[in-house]
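Survey of secondary and tertiary structure
So the chains spell out like this:
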Amino acid sequence: MPSPQQSKSIPPALINAFAVPERPPLMPQEQERLDSAEKNTHSTAMGTLVSWTFGVGPRVVLVHGWSSRAAHMLGFVDPLLAAGYSVTLFDGPAHGEATGERASVVHMGEALLALTREWAPVHGVLAHSVGSAAALWAFHRGLSVHASVHLGGPVSLSAMVRQLAIGVGLDRASTAAFEKWVEDFIGHPLAALDLDVLKDGLRHPGLIVHDPEDDTVPFSAADTLHRNWPQSELIRAGGLGHRRLLRDPAVIGLCSDFIAAAGAQEMTRANVGGEA
């Protein structure tokens with residue numbers, strides 16, 4: 001963990017912006033829907049996490065973004081259930097009902113990795129924003145799936161950290177101190193969370209959905225991910241911004257259909273292999 005001395009030149013608000021997510025309240029309708037699922041708690045190195053599972057069948061895991069919670073991914077549940085999948089959502093570290101006060105993309109990715117090891121095999125992952133970057137980390141660290149969907153996700157922690165530093169007007173020395181603080185906090189060099197390193201985990205079909213006018217994560221991130229992922233498709237979802245992707249019926253349908261199509265292809269491959 002970073003030392004108090006090391007963080008003296010870094011504005012506390014900047015550390016909070018990077019590491020302390022908000023916890024939006026659970027809406028009554030979200031609580032009602034979650035109450036119909038199987039709820040579990042999980043003790044992990046990332047703290048105590050909470051998950052909800054709907055249905056039976058090959059498992060699809062939904063990963064929320066920063067300052068979000070599992071319930072914000074509920075729109076994808078029914079279409080995936082109708083396609084024959086079970087669906088699991090979880091609150092990431094320091095989010096929702098999970099324990100902890102600080103987190104990062106690495107904490108989120110390690111949580112996903114720990115949970116999917118418990119749930120293996122996992123058919124697919126559908127992730128939003130920082131949750132998408134966490135999924136890239138998990139794939140790099142060994143998570144294997146048949147398909148994944150990435151909604152409005154970043155692809156470079158180095159760029160995110162630099163942008164935060166620029167946003168608060170840090171000079172070069174303070175920016176370097178902040179970068180070192182982040183590296184100590186996550187336990188890895190910033191470059192370890194950049195796509196040049198993470199792309200080695202992209203061994204399955206992927207769908208990338210991003211609004212070209214997204215003012216939270218630039219569209220260039222989606223374009224870069226697509227160019228570095230031969231088995232990927234890129235959908236430009238105009239007019240939805242960063243968060244409305246999670247509520248748009250057309251996007252939800254596209255994502256569910258992609259997961260289902262990947263499942264059908266995998267079943268065909270398995271049958272052909274069995275006949276051989």
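Scroll up a little and you will see the structure.
Residue numbers run consecutively from 1 along every chain, following the written order of its sequence. The predicted nature of this model means local features are confined to residues of pLDDT at least 70 and side-chain atom pairs, given and counted, to a pLDDT of 80 or more, with totals for whole chains, interfaces and linings taken over all residues. With hydrogens and water set aside, each side-chain value is computed from the structure's full complement of heavy atoms.

1. Some details on the overall build of the protein
Cut-off, in case you're wondering: Helix and strand labels come from DSSP, where a helix needs a run of H or I of at least four residues and a strand needs a run of E of at least two; each type is numbered from the N terminus. The quantity called the radius of gyration is restricted to C-alpha atoms. Its globule counterpart is 2.2 Å times the number of residues to the power 0.38. Working rule for contacts: check all heavy atoms of both residues, and any pair within 4.5 Å makes them a contact. The Shrake-Rupley method, run with a 1.4 Å probe, gives the accessible areas here. Residue values count only the displayed protein chains as cover.
The secondary structure content of the protein amounts to 10 helices and eight strands. Radius of gyration (C-alpha) of the protein: 18 Å, near the 19 Å computed for a compact globule of 276 residues. If one aligns the C-alpha atoms of the protein with their principal axes, the spans along those axes are about 60 × 40 × 40 Å. In the protein, 73% of the contacts between residues at least 6 apart in sequence involve partners at least 24 apart. Total accessible area computed for the protein in this model is approximately 12200 Å², and 53% of it derives from carbon and sulfur atoms.

2. Concerning the sheet that holds strand β4 (residues 86-91)
Hydrogen bonds between backbone atoms are what pair the strands of a sheet, whose relative direction is either parallel or antiparallel. The test is simple: A pair of strands counts as paired when DSSP detects no fewer than two bridges linking them. Lines fitted to C-alpha atoms define the axes here, with helix axes fitted over just the stretch in contact, and angles between the N-to-C directions of these axes take values from 0 to 180 degrees.
Reading across the sheet, the eight strands line up as β1-β2-β4-β3-β5-β6-β7-β8 and stay open at both edges, with mixed pairing between neighbours. A strand with exactly one partner marks an edge of an open sheet, and here the two such strands are β1 (38-44) and β8 (232-236). Strand-to-strand twist across the sheet, computed as the mean angle between neighbouring axes with direction ignored, equals 20°. As paired strands, strand β3 (residues 59-63) and strand β5 (residues 124-128) are joined by four bridges and run parallel to one another. Counterpart to L62 in the pairing with β5 is L126. Against the sheet, helix α4 (residues 105-119) makes contact with β1, β2 (47-54), β3 and β4, and its axis sits at roughly 165° relative to β3, the strand it touches most. Strands β6 (147-151), β7 (206-210) and β8 of the sheet are contacted by helix α9 (residues 219-227), whose axis makes an angle of about 155° with β8.

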